[in-house]
Structures are given as structure tokens and as C-alpha cells.
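# Fold and contact review
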Amino acid sequence: MSGLLVLRPGALTTVQDLGRPGYAHLGVPRSGALDSGARDLANRLLGNPPDAAVLETTLDGVTLRALTPVTVAVTGAPCAVRVCGRPAAWGAPVRLRAGAELDVGRAESGVRGYVAVRGGFRVPPVLGSRSTDLLSGLGPAALTCGTPLPVGAPGPDPIHGADTLRVPGPPAELVLPVRLGPRADWFTAASLRTLLTSAYRVSAASNRIGLRTEAGPPLTRRRAGELPSEGMVLGAVQVPPDGLPVLFLADHPVTGGYPVVAVVPEGPPLDAAAQARPGTRVRFVGA
Amino acid sequence: MRIDVLPVGNSALLIEVGSAADVAALHAEVLRRRDAGELEGVRDVVPAARTVLLDGVRDPGPLAGRIARWEVPPLAETDGPLVTVPVRYDGPDLAEVAAGWGVSPDEVPGLVGGIVFRVAFCGFAPGFGYLTGLPARLRPPRRATPRTAVPAGSLALAGEYAGVYPRSSPGGWQLIGSTEAVLWDPAREPAALFAPGVRVRFTEVGA
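Residues numbered from 1 in each chain as written. Chains lettered and ligands numbered in written order. Predicted model: local features only at pLDDT ≥ 70, side-chain atom pairs only at ≥ 80, totals over all residues. Heavy atoms only, no water.

## Quick word on unusual backbone geometry
Cis peptide bonds are those with omega within 30 degrees of zero, and the linkage from G181(A) to P182(A) qualifies with 5 degrees. For P182(A), the position within the fold is in the loop between β12 (173–180) and α2 (189–197). In the segment running from E189(B) into P190(B), the intervening peptide bond is cis, with an omega of 0 degrees. Topologically, P190(B) is positioned in the loop between β12 (174–178) and β13 (199–204). In this model, C84(A) sits at a positive phi of 50 degrees, which is unusual for a non-glycine residue. Note that C84(A) resides in the loop between β6 (79–83) and β7 (86–88). Judged by its relative accessible area of 42%, C84(A) is partly exposed. Residue L127(A) is not a glycine yet carries a positive backbone phi of 50 degrees. (Helix = DSSP H or I, 4+ residues; strand = E, 2+ residues; numbered from the N terminus. Buried < 20%, exposed > 50% of the residue type's maximum accessible area, 1.4 Å probe, protein only.)

Have a look at this one:
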């Protein structure tokens, strides 16, 4: 079987695919790539099916060695791509001969880069997915130096080569459209206005579980007491006792006991959240 | 049964009812209707303490209107598969729990073994089921200080819930026993021994 070897794992590099939808009732998070658009693009460039597993890097990329000839594509956060030290294309198929070293450099903007390989990374699936779930520990461990990465056989689709590429610039602010509810009535009317008119900042405590906010006005509850635990969706904006909104990302817990004031729709808004660096301004606006 | 349906974003609905018993009945009704093809496209059905979440709903508006008019029959005590779990009553909090109940530790296995629990919902970790069925007089408080590591297989109580830790993890529940039953195995179908709706009886090992 063809494959690659991890030479430098970077700050946090995990295998991700479409995740594990359909198991939330057993306590299993959805997981999957945080920037779904970048994952899909990387697979499309290589003619992979949408469920092919890719690598998700965090801020400082990854370095891999091809053990056999493979074709890869790097998307997500823009960065320098090098093959054996020479500049190679970002956002396009790149052929690696056996022994070649692929270096995915530090993100120039954004946070998460995606590395797809033609045929997909074929680590053993758990509950139908190869995603690493950092909350509950399902799926393969985060990559370490020397991790072997098997690669599957290419599918019938040809390598696309070109695609319509949107090279994301560094966003001045993250604007998240929200639909209020299901627990907006737990907050004062003034607080709901505050949520939709104020600015927060992305906290450095953010991770694959949630994007935490800071440096904005805390929301005030109208109802005291505890909310009995209830099911949580991807994109839920949960408000813990400190009043600062937390946006649930792919590895979020399936149930939670803090009220959800609003929900951000899946797709481009959550993809943008996945790429927002700590310190970025965040605003919530009515969808 | 009072049913409130709350929209959750553009593709989910939260159905709220008044009690854990109502959730069990509602959850069974949701599964019945899904099996009958009435909830096409619903990806996740997540029961919790007072709610059932339907996630991955293509057109939530009309569905919300229909759900609000559902007649949900109460759940019979014998509905749902029954799982028997052998337990050793060797937990470090057994004496404290017994004292709180006003009984001797020897009496705990009989009291717990006489209850048919039901998995109300899962959460906290894959395969961790929140089991309802403890009568009001047998509801111990959480520990004042959570343990940093609760051993896998620990039978634990807290408030209205009982549960078994599927793997070692931090936890604040009172530990009364342990089991060798495998609570969670992703290679097994179903992966969780305690899936929502399952009934559970704990039998004492060697009794």
C-alpha cells in the first residue's frame, strides 16, 4: 500500500473527514474537518470522493515524506508549500515521487490547513469515520513524529487540477450570522440586543471543541437556575456563567447544561470561524 | 403531555416536555415515527433530561407544527430491551451512600437490584448512559470534590441518575460498585450497551 510518513507533526495535526453524524444519541461528537469547504476543495482537486480523509493542521503546518509516489493538495489557511525545499503549488495537485519531502509551512493567515492525498488517508475507521475526536478520544491519535499514514487506491474520478480558488485573505473581523434560540428567552432583551450589536474577540482558549470569546460585554440572564442538560448542535452559541458566548465547533459535547442563545448555520460561517485567529474581532449578526 | 417545539438554527428542533418519564415516552414515539418514515432526513435523535433534539432536519418549520399536535402515549414499564449487568458492591463511597439512605452497606445491593432503571440519555463520554429509576429517597448528592480518575466500570449514583463509567475519567458521582461488563465498544453493534430506551437491572456478583 502506498503511504506517507510524518517527519514533523506541527502543533496539532489530525486526520479528519466528514465525521460521525448519527451517533450523538450514544454520546459521540460529530467531529470532522472544521473548515468543511477547504476539506471538500482539497478532495475535489484530487478527484477524491467527499468522504476521503485529509489532514487538518493547526497554525504551523506539517512535514511528510512520501514512501511511494503520491499526489497531494494543500488548501485551507494559505501557506508556503515546499517539495524537497523547492516552492510548490498551494491549492493545486502536487506530485511527490517516492522519498520526496512535503513541507506545509506556517499559516500566513487563518489557522487550519488541509492536506489531501489522492486515494485518501486510510487509517482504520471508527464508527464509519477516520476523524480524530479530541473531546472523546475516538479515532486515530493526533499525528506524532514517525506516524505512518497509509493511502488508499485512487477512485475512478480523474485529478481535476484547476478549480475556482478563493484565497482567503486575513479577515479583519469574523461576522457570524445567527438565528436566536432555542434559549434566547433565558436572557434579558437588553442582552440580546447587546449580543447582536457588540464586538468580542476570539480567545486563545479556542480549540476544535469551541470558539471562545473574550473582551466583550457579558450577557445577562433573565432566568436564574440550571438548565437541565439538553442536546447541542454544531454552531450552537452557548453562554456559560461568565456570560461570554462560546461557539460550538465539530468536537463539541453532544449535550450541555448552559443555555444556547443562538445558532450559527453550518457551511461558510463555521468555516470562517475555524480560520479565525485568537484576537480576531467577532460580531454576531441576525441572520 | 405538554409539548413545546423550539427551533434550533435552520436545521434542528428541540422538543421540550415536562418530565423524564415524558421524555422516555416522547423518545419512543420519535423512533416509532422515524421507523414509519415520517421523519425523513432526520439525522440525529438526541434525548436528554427534559428534551429530545432532532438534528439534521431538512424543513423544520412544517415538522414543528406537526409535532406540536402529536398524541404521545405513555411508555409501558416493560417497553424497551432489558440488559442485566453483574456488579460487585465494592465502591469507595458505598458506606457513605448507605449511611445517607439510613441502611447498612449490605442492604445497598438489594435496594439497587430491585430497581429496573432506564437509560434516559447518553452524554459526558461515548457510551455513558444517564439511568433514571432511583426513587426520591435514594438520590445521593454528588461528591463535594470530584475524583480526577474514576476507574472504568464503576457503578455510580448522583441525584436522580445512576451510571457506569465506560472508561477511566474524572467524575464527581458516588461510586458504589464495579462491573466487568463492556459498556462501550465501537467495533460492536450497537457500540453502547446503554443506549437511550434500554432498561437496566444490576445483579450482585456471587449473590
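## Examining the confidence of the model for chain B
For chain B, the mean per-residue pLDDT works out to 95, and 100% of the residues sit at or above 70. Under the prediction, the complex receives an ipTM of 0.95, its pTM being 0.95. (pLDDT = per-residue confidence, 0-100.)

## A short note on empty space enclosed by the protein
Summed over the entire model, instances satisfying the criterion amount to three cavities of 30 Å³ or more. Volume-wise, the largest cavity comes out at about 110 Å³. Around the largest cavity, the lining comprises 18 residues; the ones closest to its centre are A24(A), R30(A), H252(A), D44(B) and D55(B). For the lining of the largest cavity, the elements supplying multiple residues, two or more each, are β3 (44–47) and β4 (51–55) of chain B. When the residues that make up the lining of the largest cavity are grouped by side-chain class, the tally is 11 nonpolar, two polar and five charged. (1 Å grid on protein atoms, 1.4 Å probe; cavity = no way out; pocket = protein on both sides within 12 Å on 5 of 7 lines; lining within 4 Å. Points joined across faces, edges and corners; volume = space filled by probe spheres on them. Nonpolar A, V, L, I, M, F, W, Y, C, P; charged D, E, K, R; others polar.)

## Points about helix α3 (residues 94–101) of chain B
All names here are of chain B. Of all the positions in α3, only L94, V97, A98 and W101 are classed as buried. The arc enclosing the buried residues of α3, seen along the axis, measures out at 100 degrees, which places them on a common side. For α3, the exposed residues set more than 90 degrees away from the buried face come down to E96, A99 and G100. Packed against the buried residues of α3 are α4 (108–113), β9 (154–158) and β12. A positive phi of about 75 degrees marks G102, the residue just after α3. (Arc of directions from axis to C-beta. Contact = heavy atoms within 4.5 Å.)

## Observations regarding the sheet that holds β6(A)
All names here are of chain A. Within the open sheet, the six strands sit side by side as β7-β6-β9-β4-β1-β11. Their pairing is antiparallel. Unpaired on one side and paired on the other, β7 and β11 (148–151) mark the two borders of the sheet. Averaged over all pairs of adjacent strands, the angle between strand axes in this sheet comes to 30 degrees, irrespective of strand direction. Bridge count for strand β1 (residues 2–8) against β11 is four bridges, and the pairing is antiparallel. Bridge assignment links G3 to a residue of β11, and that residue is P150. (Pairing = 2+ DSSP bridges. Axes fitted to C-alpha atoms, helices over the stretch in contact; angles between N-to-C directions.)

## Re the side chain of T63(A)
All names here are of chain A. Tracing the backbone through its elements, the reader meets T63 in strand β4 (residues 62–66). Under the relative-accessibility criterion, T63 is labelled buried at 6%. Looking at T63, its side chain comes within polar contact range of the side chain of D103, at 2.5 Å. Ignoring any residue separated from it by four or fewer positions in sequence, one finds T63 in contact with L5, V6, L7, R8, E101, L102 and D103. (Polar contact = N/O pair within 3.5 Å; in protein donor to acceptor, adjacent residues only side chain to side chain.)

## Here we look at the sheet that holds strand β10 (residues 112–117) of chain A
Within a sheet, adjacent strands bond to each other through the backbone by hydrogen bonds, running parallel or antiparallel. Residue and element names in this part refer to chain A. Judged by pairing direction, the sheet is antiparallel, and its five strands sit side by side in the order β2-β3-β10-β5-β8 without closing on themselves. Looking at the sheet topology across the chains shown, the edges are occupied by β2 (14–16) and β8 (94–96). If you compare each strand with its neighbour and ignore which way they point, the axes differ by 35 degrees on average. With four bridges connecting them, strand β3 (residues 54–58) and β10 associate as antiparallel partners. When the bridges of β10 are listed, E56 appears paired with Y114.

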